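The primary structure of each chain is shown beneath.
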Protein chains: 2
Amino acid sequence: MITAARDDGAEDIPAPAEFDPLELRKALGQFPQGIVAVAAEVDGHPEVLVASSFTVGVSLEPPLVTVAVQHTSSTWPKLRDRASRLGISVLGAQQSELTRQLASTDRAGRFHGVERRIDGERALVLEGSPLWFTTRMHSQFTAGDHDVAVLEILDFGYDEASEGLVFHQSRFKGLTPLE
Amino acid sequence: MITAARDDGAEDIPAPAEFDPLELRKALGQFPQGIVAVAAEVDGHPEVLVASSFTVGVSLEPPLVTVAVQHTSSTWPKLRDRASRLGISVLGAQQSELTRQLASTDRAGRFHGVERRIDGERALVLEGSPLWFTTRMHSQFTAGDHDVAVLEILDFGYDEASEGLVFHQSRFKGLTPLE
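Treat the numbers as computed from the prediction; the structure is a model and nothing was measured.

Caption draft 1: Broad picture of the sheet that holds strand 6 (residues 63-70) of chain B. Spatially, 4-3-7-10-11-6-5 (chain B) is the arrangement adopted by the seven strands of the open sheet, whose pairing is antiparallel. The open sheet is flanked by strand 4 (45-51) and strand 5 (54-60) of chain B, the only strands paired with a single partner. Averaged over all pairs of adjacent strands, the angle between their axes in this sheet comes to 35°, without regard to strand direction. With four bridges connecting them, strand 3 (residues 36-42) of chain B and strand 7 (residues 86-90) of chain B associate as antiparallel partners. Paired with Val36 of chain B across the two strands is Val90 of chain B, which belongs to strand 7 of chain B. The sheet strands contacting helix 1 (residues 21-28) of chain A are strand 5, strand 6, strand 10 (131-143) and strand 11 (146-158) of chain B, and the helix crosses strand 11 of chain B at an angle near 120°.

Here it is, written out as structure tokens:
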């Protein structure tokens, strides 16, 4: 570990670690993550961002979730600044192809044929998702090269019969109960 | 949706939603989450906290992860305030029983028979985990009834052959590639 010597008697503070980016990504890929579509209608057009750095149960009172988004995202500023509500749809095992489409670089085609609902505030949720929320911004903070949005749940629905989906080791995977 | 009328011309701000807590928990349980053990040696004793509100890829430069911990946790203040480094071990499919043991209310028995390694700064990681990190606190913020700790990765290791584990619909589940 690299440490930067200090002469003020305080604990030595290590310099930021420098990792091989590919090796770090491969390591992080060992953590199974659910996937969500964050979406709203902005100026009459549906906008969506697919994220895997999403967490529920950040708080129960009030009910909060978080999502981390790269600073380089061009969709996030629209959703953050021009949508008063954000829909969050958790993607299920039947939606792996849909997930790829929603994350496509072909922005105009992302919603092609996608069944969705929109609430009075233009939050957008996908039909057939195992779990969805409508949310509003609670607070935001910066963490390195990402923004972390803390979102308050205003409404939710779920379908227990839906099968879960995670991204793990660079692949979509389904879930099976352990013995 | 309940809205609180305002007479200053600003957008109506809905009151916090009041949900049936059991129904909310059941909904949140539809989101598959990986599980981690956050651990360190504090005053010569191993301390551990099992968390499912954990996210990787919050930032790559610097490499940051987040974990959300309830304010009522009695272990978290020890780890937060009295450990200079925190070990994070992602739990794998072979470790579901270990996960239960580490989360047990029998605090003295949590590490009974558990193989672990400790680094020079007393961060503690579990042998056999698919992925582990040693971290230090980067920043913290409060989100409702939880603290969210943003942790900087100082070191990591992984085992690609390990099988992943998620908690979903109140059960431990393994992962299987989709066709």
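Caption draft 2: Structural detail: the relation of the copies chain B and chain A. After a rotation of 180° and a shift along the axis of 0.0 Å, chain B superposes on chain A with an RMSD of 0.0 Å. What we have between these two chains is a two-fold relation. Residue Leu175 of chain B, judged by its C-alpha, is the member of chain B lying nearest the rotation axis, at 2.4 Å. When the interface residues of chain B are mapped onto chain A, 100% of them are again interface residues, pointing to one common binding face.

Conventions we followed
Residues numbered from 1 in each chain as written. Chains lettered and ligands numbered in written order. Predicted model: local features only at pLDDT ≥ 70, side-chain atom pairs only at ≥ 80, totals over all residues. Heavy atoms only, no water. Pairing = 2+ DSSP bridges. Helix = DSSP H or I, 4+ residues; strand = E, 2+ residues; numbered from the N terminus. Axes fitted to C-alpha atoms, helices over the stretch in contact; angles between N-to-C directions. Contact = heavy atoms within 4.5 Å. Least-squares fit on C-alpha atoms with pLDDT ≥ 70 in both.

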